[in-house]
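# Coordinate inspection notes
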Amino acid sequence: METLKIVGRSIPRIDGVDKVTGLCVFGADLKLPGMLYGKVLRSPLPHAKVIHVDTSRAERLSGVKTVVTGKDLPITYGGAVRDQPYYCFEKVRYIGDPVAGVAAVDEETAEEALDLIRVEYEELPAVFDPIRAMAPDAIRIHERLGEYWHLPFVTLIPGSNVCNHFKLRKGDIEEGFREADLIEEDTYTTAMIQHCHLEPHASISQVDSTGAITLWTNTQHPYSCLRDLSKSLGMPMNKIRVIVTPLGGGFGGKAWLKVEPLTVVLAMKVKNYRPVKITLTREEEFYATSVVRHPSIITIKSGIKKDGTLTAQKVRIILDTGAYADLGPMVTMWAGLVFPGPYKVPYIWTDVFCVYTNNPIAGAFRGFGNSQTIWAIESHMDALAEKLGMDPSEFRLKNAVEEGSISATGQVLNGVGIKECIQKVTAATKWKEKEKKEGRGKGIALMHQPTATPSASSSFIKIKEDGTVEVLVSTVEMGQGSNTVLTQIVAEELGIRMEDVRIVRPDTDITPYDHGTSASRSTFSMGNALRAAAVDAKKQLFEIAADLLEANPLDLVASEGSIYVKGSPEQKIPIGQIPMGSSYLGKGKPIIGKGTFTVPDAARLDPETGQSENPSVFWMYAAHVAEVEVDRETGKVKVLRMTAAHDLGRAINPLACEQQIEGALGMGVGMALMEELKLENGRPLNPNFVDYKLPTSMDMPEMEPIIVETYHERGPYGAKGLGEPALSATAPAIANAIYDAVGVRIKNLPITPDKVLKALREKETKSFPK
Amino acid sequence: MKRQVRMKVNGEEVEGWIDPRRTLLDFLRDDLNLGGTKKGCDLGNCGACTVLINGKPINSCLVLAVEAEGQEILTIEGLSEEKRLHPIQEAFIEHGAVQCGYCTPGMILSAKALLDENPHPTEWEVRVAISGNLCRCTGYKKIVEAILSVSQGAMNDR
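Quick caveat: nothing in here was measured; it's all calculated off a predicted structure. (Residues numbered from 1 in each chain as written. Chains lettered and ligands numbered in written order. Predicted model: local features only at pLDDT ≥ 70, side-chain atom pairs only at ≥ 80, totals over all residues.)

## A short note on the overall build of chain A
Tallying secondary structure elements over chain A gives 18 helices and 30 strands in all. Here the C-alpha atoms of chain A give a radius of gyration of 27 Å, agreeing with the 27 Å that 2.2 N^0.38 yields for 770 residues. Taking the principal axes of its C-alpha atoms as reference, chain A extends roughly 100 × 75 × 50 Å. Looking at chain A as a whole, 61% of its 770 residues qualify as buried. Within chain A, contacts between residues separated by at least 24 positions form 79% of all contacts whose residues are at least 6 apart in sequence. (Helix = DSSP H or I, 4+ residues; strand = E, 2+ residues; numbered from the N terminus. Rg over C-alpha atoms; globule rule 2.2 N^0.38 Å. Buried ≥ 20, exposed ≤ 12 C-beta atoms within 10 Å, placed from the backbone. Contact = placed C-beta atoms within 7 Å.)

## So, the domain arrangement of chain B
All names here are of chain B. In terms of domain boundaries, chain B breaks down into domain 1 (3-77) and domain 2 (87-152). Here the C-alpha centre of domain 2 lies 21 Å away from the C-alpha centre of domain 1. Facing 16 residues of domain 1, the contacting portion of domain 2 comprises 13 residues. Elements represented by at least two residues in the side of domain 1 that touches domain 2 include exactly strand S3 (50-53) and strand S4 (56-59). Element by element, the count of residues in the side of domain 1 that touches domain 2 is highest for S3, at three residues. (Domains from an automatic or database assignment.)

## Overview of the sheet that holds strand S12 (residues 213-217) of chain A
Residue and element names in this part refer to chain A. Pairing in this open sheet of seven strands is mixed, and the strands run S3-S7-S1-S14-S11-S12-S13 from one edge to the other. Looking along the sheet, the strands with just one partner apiece sit at the ends: strand S3 (64-69) and strand S13 (240-244). Across the sheet, the mean angle separating the axes of adjacent strands is 20° when strand polarity is ignored. Here S12 pairs with S13 via five bridges, running parallel. By the bridge assignment, Trp216 is partnered in S13 with Ile243. (Pairing = 2+ DSSP bridges. Axes fitted to C-alpha atoms, helices over the stretch in contact; angles between N-to-C directions.)

## Here we look at helix H10 (residues 370-388) of chain A
For the α-helix, the turn length of 3.6 residues means that residues three or four positions removed from each other point alike. Residues and elements named next belong to chain A. Here H10 is 19 residues long and its end C-alpha atoms lie 26 Å apart, about the 27 Å a rise of 1.5 Å per residue gives. With 15 of its 19 residues buried, H10 lies for the most part within the structure. Where H10 terminates, the next one or two residues include Gly389, which has phi positive at roughly 70°. (Expected span 1.5 Å × (residues − 1).)

## Side note on the interface of chain A and chain B
Taken together, the contact between chain A and chain B spans 42 residues of the former and 42 residues of the latter. Of all the elements in the fold, those that place two or more residues in the side of chain A that touches chain B are helix H1 (16-20) and helix H15 (654-673) of chain A. Top element by residues in the side of chain A that touches chain B is H15(A). It accounts for eight residues.

## A word on the pairing of strand S26 (residues 619-630) of chain A
Residue and element names in this part refer to chain A. In terms of residue burial, S26 counts as a mostly covered element, since 11 of its 12 residues are buried. Looking at chain direction, strand S18 (residues 440-450) and S26 are connected through 11 bridges and run antiparallel. Note on S26: the bridge partner recorded for His448 is Tyr621. Summarising the sheet, S26 and strand S27 (residues 637-647) pair through 10 bridges and their orientation is antiparallel. Residue pairing for S27: Ala623 is matched across the bridge by Ala645. Where S26 folds back onto S27 in an antiparallel hairpin, the turn is made up of six residues, including Gly635, whose phi is positive at roughly 80°.

## Section: the packing of helix H2 (residues 87-94) of chain B against helix H5 (residues 141-152) of chain B
Describing two packed helices takes the angle between their axes plus the distance from one axis to the other. Residues and elements named next belong to chain B. Put simply, H2 and H5 touch, their axes get as near as 8 Å, and they point 135° apart. Taken together, the axes of H2 and H5 are oblique relative to one another. Crossing angle aside, the handedness with which H2 passes H5 is right-handed. Contact residues: Pro87, Ile88, Ala91 and Phe92 in H2; Ala146, Ser149 and Val150 in H5. In terms of residue class, the contact of H2 with H5 is made up of six nonpolar, one polar and no charged. (Parallel < 35°, antiparallel > 145°, perpendicular 65-115°, else oblique. Left-handed = near helix turned anticlockwise from the far one by under 90°. Nonpolar A, V, L, I, M, F, W, Y, C, P; charged D, E, K, R; others polar.)

## Considerations on the sheet that holds S27(A)
All names here are of chain A. Pairing in this open sheet of four strands is mixed, and the strands run S18-S26-S27-S30 from one edge to the other. The outermost strands of the open sheet, each flanked by one partner alone, are S18 and strand S30 (702-708). Taking the axes of each pair of neighbouring strands and ignoring which way they run, one obtains an average angle of 15° across the sheet.

## Observations concerning the nonpolar core
All names here are of chain A. Val490, Ala622 and Ile738 are the most contacted members of the largest nonpolar core, which totals 297 residues. No other element matches helix H14 (residues 522-549), which puts 12 residues into this core. The residues contacting Val490, other than those within four sequence positions of it, are Ile461, Val469, Val471, Val501, Leu530 and Ala534. (Core = buried A, V, L, I, M, F, W, Y, C linked by C-beta atoms within 7 Å.)

## Description of helix H17 (residues 730-742) of chain A
Helix length check: H17(A), at 13 residues, gives a terminal C-alpha distance of 19 Å against a target of 18 Å (1.5 Å per residue), a fit within 8%. One or two positions beyond H17(A), positive phi appears at A:Gly743, with a value near 75°.

## Here we look at the pairing of S4(B)
Residue and element names in this part refer to chain B. Summarising the sheet, S3 and S4 pair through four bridges and their orientation is antiparallel. Considered in S4, the bridge of Val51 is made with Ile58. In this antiparallel pair of consecutive strands, S3 and S4, the connection spans two residues, and Asn54 shows a positive phi of 50°.

Written out as C-alpha cells, the structure reads:
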C-alpha cells in the first residue's frame, strides 16, 4: 500500500469559509447587470388542448419586456425521449405544464402580468394511475410517441403510454420455480417524493447578437444541458455556453434540463439582449418543471429452498414517470439492473415499465430506481426469512454475492464487500441480542448500486508559473464535497499542498467534457481523469526538470512542492522555479496536463435479455440496521439508531464519507416515515414544507456510519462511490425493524402512524376470531 | 406608498424608502446587498432566511421591512469581525457541519441565539433550537455536534 499524505485524511471542506460567512453566491443569489425576472404561467388542467393564448394585455403592462408562448418556439427537448415542449404549443399534460412566460423588470410585475394572460383550453380525459395508463383503451398522453427522437436503448411502445420497457431474462424462470420448496409473492409500493434541496432551481439565459446563448444555471449536468439544447434548437455546440453556479443541493433534482429552456425562449425574444432569470418558487419546486421521484408498484415472486437458497426471482416494476420522460427511461433501466439485490440467484425474470400519466414529471432522484427496488426486495427478503424460520442476517449472508459471483446480467463481480458490511453492522448493533423492551425492534437491509457505465470524464491541470495549480473539471460541487476530494487527489499526485490547488468553476467554454455529476461516479471517474492529467503534467515537468537537474526524467519524483531525483533529495528544484512562462528563455514551456477516463470495455445490455458482461464498472454495497420503537397507541415510529456499513472502495476523505452517509440516512428516515406528495386528480395537495413532512433535527436517530474499504482495482486509490447508496437501505431496514418490534409489515411507503395502527388493529382482530 | 424606515443592521445605521409590502428578507438581499441570508421558501417554513432581531431568531421572510423600524438586525455577514470567524462558524467547518451551505447562515444564527441565552444546552435543547432550520444534506448530526462543541469550549462574548 502506498504512503499517502493527503488522500485518506479527513480534511475540512475547502469551500467551508464561503459557506459559513454567507459569501457563497448560489445560483438563486446571482444577479447580472440589466437582468430581467421571469415568471411562468402554468396549466391548471392535467390534460387539455391549448386552443388559444392571448398575451396582449400582459404585453401592455408597464415593466413587462417580453411575453412568450409555445408559438414562439414550438419544439421539444429531452435527453432520453425528445417529448417535452419548451412552452406547450398543442397540449398540456400535467397541472403545472408551462403555457406562457413573462420577462419583466421585477418579480412582482412579472407575476401581475401572468394574471393578464388568457388561455383557452379544451379539456381532455386524464389518467393518473399508471396501471390504468397501461390499459389498451387508456387515453394517449403522447399521441406521436413513435415519432419522437429517442436514445437507441429506449424501448418505447408507440401507440401506448409506455416510454421504456426494461427486460432481463436469466435462465428458465419456470425451472427456477420448480426447483423451489417455497414460493412467495408480494406487492410493495413507494410514494411520490421530492428532493427538497433548500436552494431552488435558478437559471439565467442571455443571447448575443450572433444568436449564441450563455446560461448561468445551477445544474448538475452542464454538458447534458448543452447537448440537449444544441440538438433540440439545432444550434452548434460551440454557440452555447453553460456556466454552473454553486448549488445548494441537487440530489438528482438538478440533473439535465429543468428551468433552462424556459429562460432561453424569453432571452431569445427580449430586446437588447438582456439576461433573463427564472427562480422557481417553493410550490413550483414540488411539482412544476422541477421533478419528483418515480412512484412505484413492485410485485415480486420468489422461489426458495428449505435450506434458504434463493432459486428464482421474478419482478414486475411499474414506474409512474408523469407527463414527460425526463430521465425516466434511465431510472427504469437502473431499477431493473438492481433486481434481485446483492444475491446469487440463478433464475431471474425482470420487467420494468416506465409509464406516462398526467401526474407531475418524475426524474432522477438519489438512488435512481434503486431506492424503489431495494425497498421491495429487502422487505420481501425479511418475509422470506420468516417463512424459513431463519435469522434475517443469516439468510442474507447465505445468499449474498462474493468476489467472482455472477450477477443478474452475467457480469463477474469484483470489489464485493457486502459480506463484510453485514458482519460489521451486525457486530456493531449486537444483532444477535434480541430487543428486550416492549415495542422495540431491530431490522436489517442490504443494498447494492451500479454506476453509469460507460461514462467519460476529462480534465485539465494548468500549472501556473509560480507552481500553483488550476484544475479545470466539469464536476459540479453541490455539497457532496467533490471540490475538496478532487483537490486532495491533485495535491497528492503532484506532491503539493491543498492550498496550492484551485478548482475553476464548471463552464463548458473552459472546463472539458464530463458525463455529469450523478450516479455516484465523480470520485471514481473524474478522480481517475485527474490522476491521468497529473501524470501528464508531471511528465512535462520532469522533461524540463531533468534537463535543469542533469538527471534522467525517469528518476524524478514530485513531492513537497519540488521535483527531486529519487534517492538524492538535495538534487531538487521547486516547481515554481521551473521555467513555464515568462521565465522561458529557450528551456521549459507552459504546462497543461490532460487526462481522460473512459470505460472501453463497457458492454451494452442486450435488449431482450438484459445480459451484459460489464453494465457497471463498479458496484457499491451496504448493510443497514435500524433500531426502532413503536408506540402501539399512536402508531408512531421512532427510529432510535441507524447503523450503516458501506463498501465504498477507499475513503479519500473519511469525514466527507461520514457526511454523505449521515445525510442520506436522514433522507431515508423521511422517505420511510413521512414524505409523500399527495395528489388529487393530478393536483398536488401539499406542495409546501408545512404539509409535506421533511425530517427536522428532532426527528433524527443516532447515526453510526461504518466505512468498509475493499480497494477497487480500477478506482483512484481504490475508491468507488458513495453519493447515493445510504438512502436505499434505510427504509426497508426501518420496516423490518417495525416488524420485529410489533409484528406488522407495512408494504406501502411512507410508514405513517395511521398505517401502523390499522395494521395493528387488523392483527389483533385476526388473533381473536369471533 | 413608500415609507422611510431606519434600522440598525450588523451594527450600522441604515435607512431607506421602502414599499410597505416588501419583506425584510428582500430588503436585506436586494437593497442592502446582504445576500448571505437565503430564500428557501419565502413562506416562513424552512428557516434559511433566519436573522436575529434584537437577539431573537426570526424568519425574515415573515417580517415586513417596515416592521423592523428601530430594531437591531444581525445577519450572517455581521457575525465574523474583521475576517475573524466566530467560534460557531469555525466549529461548523471543523466538524463537517457544512455540505451545500444553503441552510448554513440561518442555522448558525439560530445556534448563536440559543448559545447567547443558554450557553450549555443539552443535545435535545440544541435539536429543538434548530428544528425550524431545515437541512436536506447533513442529517443534522454534525451540525448538533458543532454547536455542542462550542458550548463545551470557551466562548468569547460576541
